Amino acid sequence: MVNKRFAAGHADAASLVKDAADIVDVVGQVVKLRRVGNRYLGLCPFHQEKTPSFQVDSQNQLFYCFGCGTGGDVLSFVMKAQNLSFGEALEFLADRYHIRLPSKDPQQQSGEHKKELSGHYQALAVAADFFQGQLQHGKAAEVARRYIEQRGLPAHVVEEQRLGYAPNQWDGLLNHLRKAGIDQRVGIETGLLIASSSDRVYDRFRQRLMFPIADDRGRVVAFGGRSLDGAEPKYLNSPETPLYHKGRMLYNVARARDACRQVRQVVLVEGYLDLLAFHARGFYRVAATLGTALTAQQVRLLKRFADEVVLLYDGDEAGQKAMFRAAPLFFDEGLAVTCPRLPAGMDPDDFLKDQGLTGFEQLLEQREDLGKVAIGDVLSAWDGTTAGKVSMIERLQPLFDAARQPVVRAEYLRVVAERLDLAEAVVQSQLQHKRRQPGDIGLPHVGGVSAAADGPHPQAIEENILRVVVQYPCLIQKLKESGAIEYFREGGLRAVAEALSRLDPDHDQKLAGLYDQLADSEVRAIVTRLVMQEDHYGDLEAACLHFEDRLGALKQRQVRQCRQELLQSIRRAEQEGDSHKVKELLQQFQDICLTPDATQPNGAA
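Numbers given for residues are sequential positions, taken from 1 along each chain in its written order. Reporting of local features is limited, given that this is a predicted model, to residues whose pLDDT is at least 70; pairs of side-chain atoms are given and counted only at 80 or more, and all residues count toward the totals for whole chains, interfaces and linings. Values shown for side chains rest on all heavy atoms present in the structure; no hydrogens or waters enter the calculation.

## Description of the overall build of the protein chain
Consideration 1: A run of H or I in DSSP counts as a helix once it spans at least four residues, and a run of E counts as a strand once it spans at least two, with each numbered from the N terminus. Of regular secondary structure, the protein chain possesses 28 helices and 16 strands.
Consideration 2: Remark: exposure states derive from per-residue accessible area (1.4 Å probe, protein chains only) relative to the maximum for the residue type, with buried under 20%, exposed over 50%, and partly exposed in between. In the protein chain, which comprises 605 residues, the proportion classed as buried is 48%.
Consideration 3: Across the protein chain, every contact between residues at least 6 apart in sequence was considered, and the portion connecting residues at least 24 apart equals 65%.
Consideration 4: Reported accessibility uses the Shrake-Rupley method at a 1.4 Å probe radius. Residues are deemed covered only where the shown protein chains occlude them. Accessible surface for the protein chain amounts to roughly 29600 Å². Of this, 48% is attributable to carbon and sulfur atoms. We call two residues in contact whenever any of their non-hydrogen atoms come within 4.5 Å of each other.

Below, the structure is given as structure tokens:
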């Protein structure tokens, strides 16, 4: 996600670049495009496909892939295709089109800020060299070298990963940074040093095997340290810093991304050494979490370069529960997730030592859908009774709430019905009968409006309204005057509607203003998709009719919601014996029922 202050501070520079850069020219350097009508069509560079679904709109200067859902403007294309930050993409395009960027950005890109970031990267690079040198030449590092040998890591992996050793000293790195001319304040800000309450400064990492953590450009941004003397914690990681956000990064993700270009499948493990055990055997389609539970941001990162994630967590109970907790994150992103079954008590490193890469490839062939594995785990506790069937379905409720794709839900429904010897319709009815909080399988509850209340896609009405307005900006004023925006429930769609309402339709026919005023990448993706979808209306008159119809449906939905809320309030007032309140609420209910919108036909999505 582009930082809002960052994007705002670069608004002038971005405008200069986008006015000069032709998206067809930029994309054409990466993708072979052919013109089809007023669009350009090609094979998506971000996922494998045989039939082109990647489109470029030269009028609106946007791109979108209807296969993987990736879209944006010329800057976001360069960021994704070249793995650059927003500022770096600006500089890349400015250099290519010979644009002189503003020399100063008071918010984010001032000379002082660039110098500060450069100092942070330098301190981390110096620390990495120090740890690596200690491992290679330090006498005290013998304990680390023996440990590496015991783990079976070959010299080339140790060298490639720049593994290191933090000596058992309170000021080993501190003194080294001082000699390199690096202020201890920078060491503290990068997480290398710690300042105590008594103003004493000392090394964060001591007597540990060190694993440098690099960003997409290979720059060290943090470290993980494995204890070598039994000290707790066993693994100590750098804290969050301006350069390092552990919930948004994965260990060795750049190498995994490159290895996934042909086979869009990635293996995800929990530990540094599990990952390096794969590297030791020449297998690089593997990434690792960074000492925390898997996050939605990490799943989205994986989705950029993989169509399937193979979760290979430890074979113990804790590892299995961690896998089940991760399942809803993949369901939410529509990303396929499978898991091979490691023998009980084994971790990936143990398995590779015992069975080798050939054994793992055989294990991989036996992988199962994670949802089915979770279902099997829950149903294994069924006691054979009818009451037990109800209990099993209740425990599986969170999994079905999270699995929103119809095909996935249907398959899970079939599995549960078969295992419990019930008709699928009965299982479905039971699931709709009672919604529970998360059960014992560790799946977090997925909130939001229930499908039972509004159908499978409650946001469809809102999206239909926005699609026609985006394609016919002259309807923006009608959208504002209708007051319908306050009825939008889905946050991203409401953000788009609010942004549309701020546009001047006479000056924003290309919708560049709409895209630019949105900082959230997910909301920008919604706009891009709406713009790039085909015009199914044919002309303005048909578009207006569709627009009015969807507005009516949205207002009908709001009326239904108000009715339900009033009925609930009336019941509560009756239970409390408040006759005055009941009379007042009944009058409100009657007024709503007599409104013109309430008497029109139901406008379902």
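Back to the text.
## Re the sheet that holds strand β15 (residues 336–339)
Consideration 1: Overall, mixed pairing links the 5 strands, which are arranged β13-β12-β14-β15-β16 in an open sheet. Each having just a single partner strand, β13 (286–288) and β16 (368–369) make up the two edges of the open sheet.
Consideration 2: Paired strands are those between which DSSP finds at least two bridges. Pairing of β15 with β16 involves 2 bridges; the strand directions are antiparallel. Among the inter-strand pairings, T338 is bridged to a residue of β16, identified as D369.

## Focus: the confidence of the model for the protein chain
Consideration 1: Counting all residues, the mean pLDDT for the protein chain is 82, and 85% of those residues have values of 70 or more.
Consideration 2: Confidence drops under pLDDT 50 across residues 1–9; counting only partners more than four residues distant or on other chains, this segment forms 17 contacts.
Consideration 3: Predictor confidence is given residue by residue as pLDDT, running from a minimum of 0 to a maximum of 100. In this model, residues 104–109 is a region of pLDDT below 50 whose contacts with residues beyond four sequence positions or in other chains number 12 contacts.

## Some points on the packing of aromatic side chains
For any two aromatic rings, the description comes down to two numbers: the centre-to-centre distance and the angle of the planes.
Consideration 1: Here the aromatic set is Phe, Tyr and Trp, taking the six-membered ring for Trp, and pairing holds for ring centres within 6.5 Å; pairs whose planes are under 30 degrees apart are stacked, those over 60 apart are edge-to-face, and all others are tilted. Taken as a whole and assessed by the stated rule, the structure comprises 17 aromatic pairs.
Consideration 2: Considering the side-chain rings of F211 and Y272, the 4.9 Å spacing of their centres and the 10 degrees angle between planes classify their relative orientation as stacked. One end of the pair, F211, is in strand β9 (residues 208–214); the other, Y272, is in helix α12 (residues 272–279), and 61 residues separate them in sequence. Y272 carries the same exposure label as F211, and that label is buried.
Consideration 3: Between F278 and F283, the ring centres sit 5.3 Å apart and the planes meet at 45 degrees, which makes this aromatic pair tilted. Each member of the pair, F278 as well as F283, is classed as buried.
Consideration 4: Taken together, F46, F54, F63 and F77 form an aromatic cluster joined through their ring pairs.
Consideration 5: A ring is considered to have a charge above it if a Lys NZ or an Arg CZ atom is located within 6 Å of its centre and within 35 degrees of its normal. Positioned over the ring face of F46 is K80, at 5.0 Å from the centre of the ring.

## What to know about the sheet that holds strand β10 (residues 220–227)
Consideration 1: The 4 strands are arranged β6-β9-β10-β11 in an open sheet whose pairing can be described as antiparallel. The sheet is open, and its two borders are formed by β6 (164–166) and β11 (235–237), each paired with just one other strand. Here the strands of the sheet are splayed against their neighbours by 35 degrees on average, with no regard to which way each runs.
Consideration 2: Pairing analysis gives 3 bridges linking β6 to β9, with the strands arranged antiparallel. Bridging across to β9, A166 finds its partner in R208.
Consideration 3: Axes here mean lines fitted to C-alpha atoms, for a helix over just the part in contact, with angles spanning 0 to 180 degrees between N-to-C directions. Against the sheet, helix α7 (residues 142–150) contacts β6, β9 and β10, and its axis sits at roughly 70 degrees relative to β9.
Consideration 4: Relative to β9, α12 is tilted by about 75 degrees, and along the sheet it contacts β9, β10 and β11.

## Examining the side chain of T190
Consideration 1: You can see T190 is positioned in the loop between α10 (184–189) and β7 (193–195).
Consideration 2: Residue T190 is classed as buried on the basis of its relative accessible area of 2%.
Consideration 3: The contacts of T190, once residues within four sequence positions are left out, are H120, L124 and T241.

## Side note on the nonpolar core
Consideration 1: By nonpolar core we mean a set of buried residues, namely Ala, Val, Leu, Ile, Met, Phe, Trp, Tyr and Cys, connected to one another through side-chain atoms within 4.5 Å. Core analysis: the largest hydrophobic core is formed by 62 residues, its most contacted members being L192, I213, F223, Y251 and F360.
Consideration 2: Beyond its immediate chain neighbours, meaning those up to four positions away, F360 contacts V267, F278, F283, L312, F351 and L352.
Consideration 3: Judged by nonpolar contacts, the second largest core, of 48 residues, contains V309, M392, A402 and V427.

## With respect to the state of the cysteines
Consideration 1: By convention in this document, the label disulfide applies to cysteine sulfur atom pairs within 2.5 Å. Under the defined criterion, the tally for this structure stands at 0 disulfides.
Consideration 2: Looking at the unpaired C544, the closest cysteine sulfur is the one in C474, lying at 6.1 Å.
Consideration 3: Judged by relative accessible area, C544 falls into the buried class, the value being 18%.

## Describing helix α4 (residues 74–82)
Consideration 1: When α4 is considered as a whole, its buried residues turn out to be V74, L75, S76, F77 and V78.
Consideration 2: Two residues or fewer after α4 comes N83, characterised by a positive phi angle close to 55 degrees.

## Quick word on the pairing of β9
Looking along a regular strand, one sees the side chains alternate between the two faces of the sheet.
Consideration 1: Taking burial as the measure, the 7 residues of β9 include 6 buried ones, the bulk of the element.
Consideration 2: With 7 bridges joining them, β9 and β10 adopt antiparallel strand pairing. Residue pairing for β10: A214 is matched across the bridge by V220.
Consideration 3: Hairpin connection from β9 to β10: 5 residues lie between these consecutive antiparallel strands, with G218 at a positive phi of about 85 degrees.

## Things to note about the side chain of S501
Consideration 1: Looking at the element boundaries, S501 is found in helix α23 (residues 491–501).
Consideration 2: At 2.6 Å, the side chain of S501 forms a polar contact with the backbone oxygen of E498.
Consideration 3: Other than its neighbours up to four places away in sequence, S501 contacts I476, K480 and I485. For the purposes of these results, a polar contact is taken to be a pair of N or O atoms within 3.5 Å, where, inside protein, one atom must be able to donate a hydrogen and its partner to accept one; residues adjacent in sequence count only when each atom of the pair is a side-chain atom.

## Side note on the pairing of strand β12 (residues 265–269)
Consideration 1: Taken across its 5 residues, β12 has 5 buried, putting it largely inside the fold.
Consideration 2: Across the two faces of β12 the burial is the same, with Q265, V267 and V269 and V266 and L268 all buried.
Consideration 3: Strand direction decides the pairing type here: β12 and strand β14 (residues 308–311), joined by 4 bridges, are parallel. Looking across to β14, one finds that V266 is bridged to V309.
Consideration 4: Pairing analysis gives 3 bridges linking β12 to β13, with the strands arranged parallel.

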